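Remarks on the overall topology
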Amino acid sequence: MARVLVVGAGLTGGACAALLRGAALGRIAVWEKARGAGGRMSTSRSAQDAACTADLGAQYVTLETARAGSRRSFYEELLSHGILKPLTAPIEGMVVKEGSCNYVAPQGISSVVKYYLKQSAGADVFYEQHVTHVSLRDGKWEVFRKMGPPEQFDIVILTMPVPQILQLQGDIVNNEMLPAGVLGPMVAKLRCSNVILINESQKQQLESASYSSRYALGLFYEAGTRIDVPWAAQYITDNPCIRFISIDNKKRNIESPEIGPSVVVHTTVTFGSEHLDSDPAEVQRLILSHLERIVPSLPKPVSIKCQKWRYSQHTRAGGRVGCLKAVCMLAQQHEAWAAHHDSCYSEVHLTSHPGRSPCQPNRVAGSFGNGRLPFLC
């Protein structure tokens, strides 16, 4: 029975682990470099009160019903288990596309990922496992990490952003043994000892993939704090720093006098790019100064978290780099990092059905993020 490693415990990694478990492909392990699951679907907690949470990543789920097709069942499952609920709170400036439905995750957006990891019952999930090398040794993939000894696997699935995949050492880079297929979360699948190399042009296509960057700020308050604004979230169009503000507990419809409110701020792409390598304390100060001008009545929080998203969303994809031959397979295209929920499902469906051609296109329907706008785009 094959030994499978899924690198990354974001949406694609979590759903992939669940579907692979359903396909009975073998013993599955999930390695995540962070301290918890979610990836860019992150939910953070207040340092003073763990019950006070804020979604610093994707804000809500958008399903385009006309294009969902068979993948509608994923949404129905999440709704039936209470993981998702309809977004009913007022969002100022949100563009609602005809035929689309918006959903929030009352328990935090990371609860979607955690649900799938739970569905992968039997999979071994390990956190703070930072993969550094992937090498071919004696007919298996040997995977190295910063802490702990290397381990060998028959199948390795890489679900991190393409630039992070290209940073890996070992045969993947040194021998140009990159999985072929459609740009997106990468599936390196060993079927035999033959090695398929990509040419320089194909490698350049992968390297051409680019991402926008932004910051997110989470502000956490004591129980009983009132935030008097008429909206649950608001898109900002006339500020060089801030693009989106959310009263997160109000947006998720979980307001309670026993739990303090939280506020989430997403910056513009321009601000994120200009301050990508700036001192985090200075970035936080700048965001807070702009926030005070937009919402002057906002109370002082008891704690703040500043999150940098270096790989927020695709701005340019690398395109197709070939079809599956014998060794390597690449899952379907990620059109937006957390902004396209349905594309992740297309990818994991492909991974869990090895007989299907990896070059067969899947239509992208539905999205994670602030609809078609930042967090996002």
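Residues numbered from 1 in each chain as written. Predicted model: local features only at pLDDT ≥ 70, side-chain atom pairs only at ≥ 80, totals over all residues. Heavy atoms only, no water.

Structural notes on helix H3 (residues 72-80)
What counts, and what does not: Buried, partly exposed and exposed residues are distinguished by accessible area as a fraction of the type maximum, computed with a 1.4 Å probe on protein chains only: under 20%, between the cut-offs, and over 50%, respectively. Helix numbering and strand numbering both begin at the N terminus, where a helix is a DSSP run of H or I of at least 4 residues and a strand a DSSP run of E of at least 2. Within this analysis, the arc is defined by the directions that extend from the helix axis to the C-beta atoms.
Looking at H3, one finds that the buried residues are Phe 74, Tyr 75 and Leu 78. Projection of H3 onto a plane perpendicular to its axis shows the buried side chains occupying an angular sector of 95°, all on one side. Backbone geometry just after H3 places Gly 82 at a positive phi near 75°.

Some remarks on the nonpolar core
Rules: We define the nonpolar core as a collection of buried residues of types Ala, Val, Leu, Ile, Met, Phe, Trp, Tyr and Cys that are connected through side-chain atoms lying within 4.5 Å of one another.
One finds Val 112 and Tyr 116 to be the most contacted residues of the largest nonpolar core, which totals 33 residues. Those elements that place two or more of their residues in this core are strand S1 (2-7), helix H1 (11-22), strand S2 (26-32), strand S5 (60-64), H3, helix H4 (110-119) and strand S13 (155-158). In terms of nonpolar packing, the next biggest core, distinct from the first, is built from 21 residues, Ile 227, Val 229, Leu 286 and Ile 287 among them.

Focus on the confidence of the model for the protein chain
Applied cut-off: One confidence number per residue, pLDDT, is output by the predictor and ranges from 0 to 100. For this analysis, residues touch if any pair of their heavy atoms sits within 4.5 Å.
Residues at a pLDDT of 70 or more form 75% of the protein chain, whose mean pLDDT is 79. pLDDT under 50 marks residues 319-341. Its contacts with residues more than four places away, or in other chains, come to 135 contacts.

With respect to the environment of Cys 16
Along the polypeptide, Cys 16 turns up in helix H1. Overall, Cys 16 belongs to the buried group, its relative accessible area being 1%. Each C-alpha atom, one on Cys 16 and one on Leu 117, is 9.0 Å from the other, the two residues being 101 residues apart in sequence.

Some points on the pattern of salt bridges
Defined as follows: Note on definitions: salt bridges are taken to be side-chain nitrogens of Lys or Arg within 4 Å of carboxyl oxygens of Asp or Glu.
Counted by the stated rule, this structure contains 14 salt bridges. Between Arg 252 and Asp 55 there is a salt bridge, with its nearest N and O atoms 3.8 Å apart. One end of the pair, Arg 252, is in the loop between helix H8 (248-251) and strand S19 (262-267); the other, Asp 55, is in strand S4 (residues 53-55), with 197 residues separating them in the sequence. Here Lys 97 ties to Glu 64 by a salt bridge, and the two come within 3.9 Å at their closest N and O atoms. With Lys 97 in the loop between strand S7 (91-92) and strand S8 (100-104) and Glu 64 in strand S5, the pair connects residues that are 33 residues apart, well separated along the chain. Taken together, the shared-partner salt bridges connect Asp 55, Asp 248, Lys 251 and Arg 252 into one network.

Comments concerning the packing of aromatic side chains
Counted only if it meets this: Side-chain rings of Phe, Tyr and Trp (the six-membered ring for Trp) are treated as a pair once their centres are within 6.5 Å; stacked means planes under 30 degrees apart, edge-to-face means over 60, and tilted covers the remaining angles.
With the rule as written, the count across this model stands at 5 aromatic pairs. A centroid spacing of 5.4 Å and a plane angle of 70° characterise the contact between Tyr 115 and Tyr 116, whose relative ring orientation is edge-to-face. Given a relative accessible area of 4%, Tyr 116 falls into the buried group. When the centroid spacing of 6.4 Å and the interplanar angle of 75° are considered together, the rings of Tyr 215 and Phe 271 count as edge-to-face. Placement of the pair is Tyr 215 in strand S16 (residues 210-220) and Phe 271 in helix H9 (residues 269-274), with a sequence separation of 56 residues. Of the two residues, Tyr 215 and Phe 271, both sit in the buried class.

Some remarks on the sheet that holds S16
Strand pairing in a sheet relies on backbone hydrogen bonds, with the paired strands running either antiparallel or parallel. Heads up, the rule is: What makes two strands pair is DSSP finding at least two bridges between them. Between N-to-C directions, angles cover 0 to 180 degrees, with each direction set by a line fitted to C-alpha atoms, over the stretch in contact for helices.
Strand order in this open sheet of 6 strands is S7-S17-S18-S19-S16-S20, and the pairing throughout is mixed. A single partner strand is all that each edge strand has here, and the edge strands are S7 and strand S20 (303-316). Across 2 bridges, the pairing between S7 and strand S17 (residues 233-235) is parallel. Following the sheet pairing, Ile 91 is matched in S17 by Ala 233. Against the sheet, helix H10 (residues 280-294) engages S16, S17, strand S18 (242-247), S19 and S20, with an angle of about 70° to S16.

Comments concerning H4
Counting buried residues in H4 gives 7 out of 10 residues, a clear majority hidden from the surface. Turning to H4, its buried residues number three or more, namely Ser 110, Ser 111, Val 112, Val 113, Tyr 115, Tyr 116 and Leu 117.

Digging into the layout of surface pockets
To keep things clear, this is the line we draw: Within this scheme a cavity is a closed region of a 1 Å grid, computed over the protein atoms alone, that accommodates a 1.4 Å probe without allowing it to escape, whereas a pocket is open but has protein on both sides within 12 Å along at least five of seven lines; lining residues each have an atom within 4 Å of a point. Grid points are joined across faces, edges and corners, and a volume is the space filled by probe spheres set on the points. Residues were grouped as follows: Ala, Val, Leu, Ile, Met, Phe, Trp, Tyr, Cys and Pro as nonpolar; Asp, Glu, Lys and Arg as charged; and all remaining residues, including Gly, as polar.
Of the voids in this model, the largest pocket is the one considered here, and its volume is about 1400 Å³. Glu 32, Ala 34, Gly 38, Gly 39 and Arg 40 are, among the 50 residues lining the largest pocket, the residues nearest its centre. Among the secondary structure elements, those contributing two or more residues to the lining of the largest pocket are H1, S2, strand S3 (43-45), H4, strand S10 (131-137) and S20. Its residues placed into classes, the lining of the largest pocket shows 18 nonpolar, 22 polar and 10 charged. There is about 220 Å³ of room inside the second largest pocket. In this structure, the second largest pocket is lined by 14 residues; those nearest its centre are Thr 225, Arg 226, Ile 227, Glu 255 and Pro 261. Grouping the amino acids of the lining of the second largest pocket by side-chain chemistry returns 5 nonpolar, 5 polar and 4 charged.

Remarks on the environment of Glu 255
Within the fold, Glu 255 resides in the loop between H8 and S19. Classification of Glu 255 as exposed rests on a relative accessible area of 52%. Ignoring anything within four residues of it in the chain, the contact list for Glu 255 reads Asn 249 and Lys 250.

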